[in-house]
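Inside the fold
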Amino acid sequence: MDDETENPLTKGLERLPVHPTTLVIFGCTGDLSKRKLLPALYNLAHEGALPERFELIGVSRREKGHDDFAAEADEAIRAHSRREVDDKVLAALLADVKYVPGVFSDPSVYADLKGQLEAFDEAAGQPLNRCFYLSTAPEFFPVIVQQLGDAGLTAGPSEAAEVRVVIEKPFGTTLAEAKQLNRDVLAQLDESQVFRIDHYLGKETVQNMLAFRFANSLFEPLFNRNYIDNVQITASEDLGIGTRAGYYDHAGALRDLAQNHMLQLLTLLCMEPPVDFSADEVRGEKVKVLHAISPPEADAVLRAQYTEGTSGGEDVPGYLQEADVPADSVTETYAALRLHVDNWRWAGVPFYLRTGKRLARKVTEIAVTMKPVPHLAFGEAGSVGVQPNQLILTMQPNEGVSISLGAKIPGNSMRIRPVNMEFLYGTAFMSQSPEAYERLIMDAMRGDATLFTRNDEVEAQWRIMDPVVQMWSDNRRVKPATYAAGSQGPAEADDLLLSDHVWRAI
Ligand code: BG6
């Protein structure tokens, strides 16, 4: 069952109305638009979640007509939608889509766009909200925002309509770039109009961290340095870099995943309870966590590259043999870090982060390991299987939460081993989780920025990671460690662990 209306457990959940909107996708024929954005729009349409009046305009470089774009969108949605497509719903969604061709720096594109937006307003008999989604290469972000400003498109057609701009990642590739981009963007727009995407925040399981922490009195008293021994955050992928060498070889694992997605997971895990769930209260608490983290020292970071190996039973090439990767590249496909959150709650607890491509499997999880019990009264044999409790928050796959407990093994003697208590999203709610982009597109259209990164937040993230980026780029002659494709990662990662800690198996 995947329809919310049929699910008794989601009955009655509030669905806030969204003002009629025209969504404009810059870079509408790109990979992200085809794989994620257009399918997300279809699924929102399928659920009846889009505003009553919803219009779509695609902008990209290639010359083509409205119908060509509609046909491409149709094909992309059929190929990538998480739901089987209902022909009627899809036809209705794409019935009136428009396409504006042109180079993003060309003012005439924005004149055409303005004409089209006004035509939609006129047909609707009211000014529609305008939501501009920048799904382009990052060098165009400031260009498009400037052009929108010059064309008078950063303010709504009337007081009654809002303008919002969604900006994809990466938001800069260094702290200096992120600051400059913030300056460029905020020269044209108010911060309340800007929605910087980190798609991890759109994942149900990531938002569940807030529910888990702040809707249960069971865990919060334990969530601090007195009871927690260490935390491991893993975002591993089994896939390689595919056809993305052009982007990836300049980015690397640290910038691609650790600087943004992993730091977001860390802040949600560590933040203080917000006063309420408004955008600024939540983001204010997250930023405080980032301020408490110092950039890691050289001995608390590791970079590595995959070499050939096997993935899914197939032989796969090493990173340096991938298409379009320079033979002498030192870009990391794996990054591991040890961080500390130096505040009252978390001082002294190590946070281990690791991410990589071509590891044994895809898993995103947070493992919180509690301190051991202070005294074991079970004798030597009985105590062998006693392990510290672990709380595992699994973002994907097998989304859910599991707690390991020590339990007596049935029998005549007192022997103990860990067992798991599990909550799984799929079975508990009898529904498929929506894709992150569905939630994020809706929130942007609604003007709710809670799940988007604020200007100071993105800069605080860069402040932590920028010195590592700089250190690695200064050491370009030092070869990264290596790990075989399909493995657990480089052996050197163990050196980051303090005391008797061990990495969880991927
Ligand atoms: C993207 C990265 O931001 O996140 C990709 O650019 C990565 O390299 C992807 O594969 C992972 O996202 P998810 O949702 O599949 O975990």
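What you see is a predicted model; the values in this text were computed from it and never measured. (Residues numbered from 1 in each chain as written. Predicted model: local features only at pLDDT ≥ 70, side-chain atom pairs only at ≥ 80, totals over all residues. Heavy atoms only, no water.)

1. Concerning the packing of aromatic side chains
- Counting across every chain of the model gives 18 aromatic pairs.
- Here the aromatic rings of Phe 212 and Phe 219 are separated by 4.3 Å at their centres, their planes lie at 25°, and the arrangement is stacked. The same class applies to Phe 212 and to Phe 219, which are both buried.
- Residues Tyr 306 and Tyr 483 carry aromatic rings whose centres are separated by 6.3 Å and whose planes lie at 70° to one another, so their mutual orientation is edge-to-face. (Phe/Tyr/Trp six-rings, centres within 6.5 Å; stacked < 30°, edge-to-face > 60°. Buried < 20%, exposed > 50% of the residue type's maximum accessible area, 1.4 Å probe, protein only.)

2. Brief notes about the pairing of strand S8 (residues 301–307)
- With 6 of its 7 residues buried, S8 lies for the most part within the structure.
- Note that S8 and strand S11 (residues 334–340) share 4 bridges and pair antiparallel. By the bridge assignment for S11, Ala 304 is matched with Tyr 334.
- Relative to strand S17 (residues 481–484), S8 is paired through 4 bridges, and the arrangement is parallel. Within S17, the position partnered with Tyr 306 by the bridge is Tyr 483. (Helix = DSSP H or I, 4+ residues; strand = E, 2+ residues; numbered from the N terminus. Pairing = 2+ DSSP bridges.)

3. A closer look at the packing of helix H1 (residues 31–46) against helix H12 (residues 436–446)
- Where H1 contacts H12, the two axes come as close as 8 Å, and the packing angle between them is 70°. Looking at the two axes, H1 sits roughly perpendicular to H12. Across the interface between the two elements, Leu 32, Lys 36, Leu 37, Ala 40, Leu 41, Asn 43 and Leu 44 from H1 touch Tyr 437, Glu 438, Ile 441 and Met 442 from H12.
- Taken together, the residues that form the contact of H1 with H12 break down as 8 nonpolar, 1 polar and 2 charged. (Axes fitted to C-alpha atoms, helices over the stretch in contact; angles between N-to-C directions. Parallel < 35°, antiparallel > 145°, perpendicular 65-115°, else oblique. Contact = heavy atoms within 4.5 Å. Nonpolar A, V, L, I, M, F, W, Y, C, P; charged D, E, K, R; others polar.)

4. A look at the site of the ligand
- Around the ligand, the neighbouring residues are Lys 169, His 199, Tyr 200, Lys 203, Glu 237, Arg 244, Asp 256, Leu 257, His 261, Lys 357, Lys 362 and Gln 396.
- Tyr 200 has a polar side-chain atom sitting 2.7 Å from an oxygen atom of the ligand.
- Lys 203 has a polar side-chain atom sitting 2.6 Å from an oxygen atom of the ligand.
- The fraction of the free accessible surface of the ligand (400 Å²) that becomes covered by protein chains is 80%.
- In terms of residue count, the dominant contributor to the shell around the ligand is helix H8 (residues 245–270) (3 residues). (Near = heavy atom within 4 Å. Polar contact = N/O pair within 3.5 Å; in protein donor to acceptor, adjacent residues only side chain to side chain. Areas by Shrake-Rupley, 256 points an atom, 1.4 Å probe, with all protein chains shown as cover.)

5. A few points about the nonpolar core
- Ranked by size, the top nonpolar core spans 147 residues in total, and within it Phe 26, Leu 41, Leu 113, Phe 132, Leu 269, Phe 351 and Ile 366 carry the most contacts.
- Among the elements that line this core, the one with the most residues is H8, at 13 residues.
- Setting aside residues up to four positions removed in sequence, Phe 351 forms contacts with Val 231, Leu 266, Leu 269, Cys 270, Leu 337, Arg 338, Leu 339, Val 341 and Trp 346. (Core = buried A, V, L, I, M, F, W, Y, C linked by side-chain atoms within 4.5 Å.)

6. Some thoughts on the side chain of Thr 174
- Locating Thr 174 in the fold gives a position in the loop between strand S5 (163–167) and helix H6 (175–188).
- You can call Thr 174 buried: its relative accessible area is 16%.
- Ignoring anything within four residues of it in the chain, the contact list for Thr 174 reads Arg 255, Trp 462, Asp 466 and Gln 470.

7. A short note on helix H5 (residues 140–150)
- Within the sequence span of H5, burial applies to Phe 141, Ile 144, Val 145, Gln 147, Leu 148 and Gly 149.
- Against strand S1 (21–26), helix H4 (107–124), strand S4 (129–134), S5 and H6 lie the buried residues of H5.

8. Describing the pattern of salt bridges
- Taken as a whole, this structure holds 27 salt bridges when the rule is applied.
- Here Arg 35 makes a salt bridge to Asp 31, at a shortest N to O gap of 3.0 Å. A residue pair is termed a helical-turn pair when its members lie 3 or 4 positions apart in one helix, as Arg 35 and Asp 31 do in helix H1 at 4 residues.
- Put simply, Asp 96 and Lys 98 hold a salt bridge, and the shortest N to O gap is 3.2 Å.
- Take Lys 98: its relative accessible area is 18%, and that puts it in the buried class.
- Several salt bridges converge on common partners, so that one network encompasses Lys 169, Glu 237, Asp 256, Lys 357 and Lys 362. (Salt bridge = Lys/Arg side-chain N within 4 Å of Asp/Glu carboxyl O.)

9. Examining the sheet that holds strand S7 (residues 228–236)
- Pairing is mixed in the open sheet, where 9 strands are placed in the order S16-S15-S14-S13-S7-S12-S11-S8-S17. With partners counted over all chains shown, the strands left at the sheet margins are strand S16 (416–424) and S17, one partner each. The mean angle between the axes of side-by-side strands here comes to 20°, regardless of whether they run parallel or antiparallel.
- Packed onto the sheet, helix H7 (residues 204–214) meets strand S13 (363–370), strand S14 (390–396), strand S15 (400–408) and S16 and runs at close to 145° relative to S14.
- Here H8 sits on the sheet and contacts S7, S11, strand S12 (350–356), S13 and S14; the angle it forms with S12, its principal contact strand, is near 145°.

10. Focus on the environment of Pro 467
- Relative to the assigned elements, Pro 467 resides in helix H13 (residues 455–474).
- Note: C-alpha distance between Pro 467 and Thr 331 (136 residues apart in sequence) is 16 Å.
- If near-sequence neighbours (up to four positions away) are discounted, Pro 467 is found in contact with Pro 295 and Trp 462.

11. Digging into the environment of Leu 175
- By the element assignment, Leu 175 lies in helix H6.
- Judged by its relative accessible area of 18%, Leu 175 falls in the buried class.
- A C-alpha to C-alpha distance of 6.2 Å links Leu 175 and Arg 463, two positions 288 residues apart in sequence.

12. Quick notes on a nonpolar patch on the surface
- A surface patch of nonpolar side chains, amounting to about 340 Å² of accessible area, comprises Val 373, Leu 376, Phe 378 and Met 414.
- Turning to its location among the elements, Met 414 is positioned in the loop between S15 and S16.
- According to the relative accessible area criterion, Met 414 is partly exposed, its value standing at 39%. (Patch = residues over 30% accessible without salt bridge, like charges linked within 9 Å, V, L, I, M, F, W, Y side chains within 5 Å.)

13. What to know about helix H3 (residues 87–94)
- Taken as a whole, H3 has its buried residues at Leu 90, Leu 93 and Leu 94. Burial along H3 is one-sided: seen end-on, the buried residues are contained in an arc of 85°. Exposed and facing more than 90 degrees away from the buried side of H3 are Lys 88 and Ala 92.
- On its buried side, H3 packs onto H1, strand S2 (54–60) and helix H2 (66–80).
- Where H3 starts, the residue carrying a side-chain oxygen 2.9 Å from the main-chain nitrogen of Lys 88 turns out to be Asp 86. (Arc of directions from axis to C-beta.)

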